[in-house]
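Structural characterization, general
Each chain, written out:
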Amino acid sequence: MAGKNKRKLEDLSVDEFLLSGFDAVDGDDSENEGSAQEDTTEEQAVSQEKSKKQGKASQHKEQLSRLKDRDPEFYKFLQDNNQELLKFEDTDSSEDEDEQKYHKLPSELKASALPVASSDEEEADEEVKKKSKNSESKSVKVTAKMIEDWKKELKKEPSARLIREITQAFKAAVATTKGESQHDCRYTVADSSIFNALVLFCIRDIHGALNQLLNLKAPQKDQKKLILPSTSPRWTKNQLDIKMYLSGVVQLLSSLTQSTVTAAVLRHANQMVPFFLCLPKQCRPFLKILIKLWSTGEETVSVLAFLALNKLCRHKQSVYLNPVLKQMYIAYVQNSKFTSPTSLPIINFMQRTLAEMYSLDTQVSYQHAFIYIRQLAIHLRNAMNMKKKETYQSVYNWQYVHCLYLWCRVLSTIYPSEVLEPLIYPLCQVIVGCIKLVPISRYYPLRLHCVRALILLSGSTKTFVPVLPFLLEVFQKEDFNKKPGRMSVKPINFAVILKLSKTNLQEKAYKDGLIEQLYDLILEYFHTQASTIGFPELALPTVIQLKAFLKECKVANYCKQIRQLLEKVQENCGHITSRRQKAAFGVADAMAVAAWEKQVAEEGTPLTKYYSQWKKLREKEIQLEISGKERMEDLNLPEIKRKKIQEKNEDKKAFKGLFESDSDSDAEDIMRKLKDDDDDDDDDGDEGLEDLSDASDDDDDEADISEGDSDGNEEEASTSKRKAPKQVSGVDLQELAEGDEDMVEDLELSDQD
């Protein structure tokens, strides 16, 4: 009963509540006394609810009646001018309607509420399923015949209705690439062959059809300005369909994994760039996909992505150039963390193309270059001040080196530029500080990378940078006469390393490669300065240093290379000196000096002619080295493990007393013991490799010894047929035993090789 009364409580009026409340109470007097206070609180709550339920209209009417008593003049004014405020119905229907709009929580949860809610949810789910089934049943399945019909109609005369159908089918096809549902699509694509045919059809024909539909003229070859589709009067009518199609192209690019298919879609996207320029919402995700493909894609994919980026930024520099440059620089830094022979060409490509993008607007480029060069300088300053391993690693890594090289290439590409020219000096200072941070031999590869960047910057911007001291210092610090501690199987590729290991410093390939790198960089730097009027004075310290090296060095291969370099430098010095003697102007005449240097550069110098020939040969050698290194990586050649000298001496001492006897039987026992010991050594040293050549030689030795035994059996007689019997003395046996030991060791080494 209590439960029922609680359920009907909200349906009762105040009078019914009072009557039912007193009539329904049954129990002892003690219970009535205890519940009396509860009844009073309930009456107060009901009265409060009643006052709350009183409508705003009745409250307003009471206020107007009181206004009549308090301010009769104002009340009379309202009667004369605005009687609508005084005449209205005393109802709260509007308020009841507002209350009915919102769900009101019950005072107590009912037992029957839970299953009803779950059943409602189930019904809603069933309705959604029914709708999806209905949509699937209503959607049309794309067939090969439909695609062929669309092709024929599109060639005859493209219409807005036909474009809408094709874009709807393309949207359904793209939705399948990411596993999305096709409920909202008019068509469904279920077969992979249909998907391929539809995408191929759109890539080939949709661009020309849209141009024909919008009456857009084909751009001429010499025409640089794009014709935007938004200038067409039919643009607004077909804008929604074009938006849908471009969104599908972007989604398709983000889901493709095969490079050939991605390249085909990118070629089509390049054609659709004018349409992307008219639709900023579709253009922003398209730019993100292009930057990702530019930095991580295959060679052709990266080139096509860059062409699209360049075209978009050239035609809307004010909108897209600044954010695109920022995102491209971040992508470049992220993808240059590791450098290998396979990734180095991609990094070089990103450097050159990003420098091309920065050349579009020098003002924007200056802001980016100033911020990022300053950031590199801050990292270097922290490393110089703190002098900790972590701060050194923040500078001595591939990302830092590639960023330095990038800004050198940017300033070299955009030169001459009054805007960017002030950044040359701080960038050179950062690179020089990077070289001097940890000037040890293990970081010679990093030094060579920095020197190469300085040579690029100095040669392109016609700025003198003192590069030679960092190269000549290596000749003074490194001892090239010292014999290498170990032989190396493959050469060291200095282009893909920053730091040498301790084992690399002991190898012969380290010094060979270092001499080659020094030769290349000195020749490359002198080539940039070969036509300057002060070349003899510039080359004088280098000539002195190279002559001193040739006097001290005793390695013929190193001397041959350095002597050849010295001869070419001296030859160029003589050429410049002879030309200077014929000059009729002074050193202070800058215009005449510049004209003289230009004339000498056009005519050519001995060093420039030699450099052009050497460069071609050097590029071929580098390609052969890279390909040879890739082939050598497949071969797992074992290392040569030599026996220690102490172990040999201990073996000789252990077997020293065994050779005093002259008997043949003792000699036979000795050789058997030697064979067993050698077999044990082979098992330990070779780690499971079978030494078949040693075993065959030992068998032959045993056969020779057993022939000298007078009590030989039939087995020994059968083995002795290979060689004639000989009588061997004890001294000969001792010499033979020692010779066999060395022979076993040599054979062991040959097997491991």
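Scope of this entry: the structure provided in the associated data block. (Residues numbered from 1 in each chain as written. Predicted model: local features only at pLDDT ≥ 70, side-chain atom pairs only at ≥ 80, totals over all residues. Heavy atoms only, no water.)

Next up on the list: the overall build of the protein. Within the protein, the secondary structure is distributed over 34 helices and two strands. Out of the 753 residues belonging to the protein, those deemed buried represent 37%. Long-range contacts, defined here as pairs at least 24 residues apart, represent 71% of the contacts in the protein between residues at least 6 apart. For the protein, the accessible surface area stands at approximately 46700 Å², while carbon and sulfur atoms represent 51% of it. (Helix = DSSP H or I, 4+ residues; strand = E, 2+ residues; numbered from the N terminus. Buried < 20%, exposed > 50% of the residue type's maximum accessible area, 1.4 Å probe, protein only. Contact = heavy atoms within 4.5 Å. Areas by Shrake-Rupley, 256 points an atom, 1.4 Å probe, with all protein chains shown as cover.)

This next bit is on the packing of helix α14 (residues 280-296) against helix α16 (residues 317-334). Where α14 meets α16, the closest approach of the two axes is 10 Å, and the angle between their N-to-C directions is 30°. For the element pair α14 / α16, the angle class is roughly parallel. As for how α14 packs across α16, the hand of that crossing is right-handed. Contacts between α14 and α16 involve Pro280, Cys283, Leu287, Ile291, Trp294 and Ser295 from the first element and Tyr320, Val324, Gln327, Met328, Ala331 and Tyr332 from the second. Each residue belonging to the contact of α14 with α16 can be placed in one class, and the counts come to ten nonpolar, two polar and no charged. (Axes fitted to C-alpha atoms, helices over the stretch in contact; angles between N-to-C directions. Parallel < 35°, antiparallel > 145°, perpendicular 65-115°, else oblique. Left-handed = near helix turned anticlockwise from the far one by under 90°. Nonpolar A, V, L, I, M, F, W, Y, C, P; charged D, E, K, R; others polar.)

The next thing to look at is the pattern of salt bridges. Applying the stated criterion across every chain yields a total of eleven salt bridges. Between Arg580 and Glu537 there is a salt bridge, with its nearest N and O atoms 3.1 Å apart. Residue Arg580 is located in helix α27 (residues 556-581), and its partner Glu537 is located in helix α26 (residues 535-552); the two are separated by 43 residues in the primary sequence. Glu603 serves as the salt-bridge partner of Arg579, at 2.6 Å between the closest nitrogen and oxygen. A residue pair is termed long-range when its members are at least 10 positions apart, and Arg579 in helix α27 and Glu603 in helix α28 (residues 590-603) qualify at 24 residues. For Glu603, a relative accessible area of 45% corresponds to the partly exposed category. (Salt bridge = Lys/Arg side-chain N within 4 Å of Asp/Glu carboxyl O.)

In this section: the side chain of Glu478. Along the chain, Glu478 turns up in the loop between α23 (468-477) and α24 (502-505). Buried and unpaired, Glu478 has no salt bridge, with Lys511 as the nearest side chain of opposite charge at 4.9 Å. Within the structure, the side chain of Glu478 is placed 3.2 Å from the side chain of Tyr510, a separation counted as a polar contact. Apart from the residues within four sequence positions on either side, Glu478 is in contact with Ser441, Tyr444, Tyr510, Lys511 and Leu514. (Lys, Arg positive; Asp, Glu negative; His and termini not counted. Polar contact = N/O pair within 3.5 Å; in protein donor to acceptor, adjacent residues only side chain to side chain.)

Moving on, we come to the nonpolar core. Trp150, Trp294, Trp407 and Phe475 are the most contacted members of the largest nonpolar core, which totals 169 residues. In this structure Trp150 touches Val142, Leu162, Glu165, Ile166, Ala169, Tyr187, Leu198 and Phe201, once residues within four positions along its chain are discounted. (Core = buried A, V, L, I, M, F, W, Y, C linked by side-chain atoms within 4.5 Å.)

Turning to the packing of α14 against helix α15 (residues 299-315), a few remarks are in order. Closest axis-to-axis distance for the α14/α15 pair is 8 Å, and the angle between their directions is 140°. For the pair α14 and α15, the crossing hand works out as left-handed. Across from Cys283, Phe286, Leu287, Leu290, Ile291, Leu293 and Trp294 in α14, the residues of α15 making contact are Val301, Ser302, Ala305, Phe306, Ala308, Leu309 and Leu312. Residue composition of the contact of α14 with α15, by class: 13 nonpolar, one polar and no charged.

Within the structure shown, the criterion is met by 17 aromatic pairs. With a centroid separation of 5.5 Å and an interplanar angle of 35°, the aromatic rings of Tyr329 and Trp407 are classed as tilted. Of this pair, Tyr329 sits in helix α16 while Trp407 sits in helix α20 (residues 398-414), placing them 78 residues apart in sequence. Note on accessibility: Tyr329 and Trp407 belong to one class, buried. Considering the side-chain rings of Phe480 and Tyr558, the 5.9 Å spacing of their centres and the 75° angle between planes classify their relative orientation as edge-to-face. One end of the pair, Phe480, is in the loop between α23 and α24; the other, Tyr558, is in helix α27, with 78 residues separating them in the sequence. What makes Phe480 buried here is its relative accessible area of 3%. In this structure Tyr558 comes out as buried when scored by relative accessible area, which is 6%. Aromatic ring contacts, followed pair by pair, group Tyr329, Tyr358, Tyr372 and Trp407 into a single cluster. (Phe/Tyr/Trp six-rings, centres within 6.5 Å; stacked < 30°, edge-to-face > 60°.)

Of the volumes computed, that of the second largest pocket is approximately 1600 Å³. Lining the second largest pocket are 45 residues; nearest its centre among them are Leu344, Asn348, Arg452, Ala495 and Ile622. Secondary-structure elements contributing two or more residues to the lining of the second largest pocket are α17 (344-358), α20, α22 (444-461), α25 (508-528) and α29 (606-633). Of all the elements, α29 adds the most residues to the lining of the second largest pocket, at eleven residues. (1 Å grid on protein atoms, 1.4 Å probe; cavity = no way out; pocket = protein on both sides within 12 Å on 5 of 7 lines; lining within 4 Å. Points joined across faces, edges and corners; volume = space filled by probe spheres on them.)

Here the focus is the environment of Arg618. Tracing the chain through its elements places Arg618 in helix α29. The class for Arg618 is buried, based on a relative accessible area of 9%. Placed 98 residues apart in sequence, Arg618 and Asp520 show a C-alpha to C-alpha distance of 9.1 Å. At 3.0 Å, the side chain of Arg618 and the side chain of Asp520 are in polar contact.

Turning next to α20. Under the 1.5 Å per step criterion, the end-to-end length of α20 is 24 Å for 17 residues, consistent within 8% with the ideal 24 Å. When you tally the buried positions in α20, you get 15 out of 17 residues, the bulk of the element. The distance from a side-chain oxygen at the start of α20 to the backbone nitrogen of Gln399 is 3.1 Å, and the residue carrying that oxygen is Asn397. (Expected span 1.5 Å × (residues − 1).)

This part is about the environment of Glu473. Structurally, Glu473 can be placed in helix α23. Since its relative accessible area comes to 25%, Glu473 is described here as partly exposed. Once the C-alpha coordinates of Glu473 and Gln545 are considered, the two residues, 72 residues apart in sequence, prove to be 9.5 Å apart. Reaching out from Glu473, the side chain makes a polar contact with the side chain of Lys477 at a distance of 3.0 Å.

Helix length check: α26 (18 residues) gives 26 Å between terminal C-alpha atoms against 26 Å at 1.5 Å per residue, within 8%. The complete set of buried residues in α26 reads Phe535, Pro536, Leu538, Ala539, Thr542, Val543, Gln545, Leu546, Phe549 and Leu550.

The bulk of non-glycine residues show a negative phi, and the bulk of peptide bonds are trans. Note that the residue after Tyr415, namely Pro416, is joined by a cis bond; omega there is 0°. Mapped onto the secondary structure, Pro416 falls in the loop between α20 and α21 (424-437). The phi dihedral of Lys387 falls on the positive side, at around 55°, and the residue is not glycine. In this structure, Lys387 sits in the loop between α18 (362-386) and α19 (389-395). You can call Lys387 exposed: its relative accessible area is 59%. Positive phi is not limited to glycine here, since Lys462 has a value of about 55°. Topologically, Lys462 is positioned in the loop between α22 and α23.

It is worth spelling out the environment of Ala144 at this point. With respect to the element layout, Ala144 can be found in helix α8 (residues 144-156). Using a relative accessible area of 47% as the deciding quantity, one classes Ala144 as partly exposed. Residues Ala144 and Ser193, spaced 49 residues apart in sequence, show a C-alpha to C-alpha distance of 8.7 Å.

Just distances and angles here, no functional claims.
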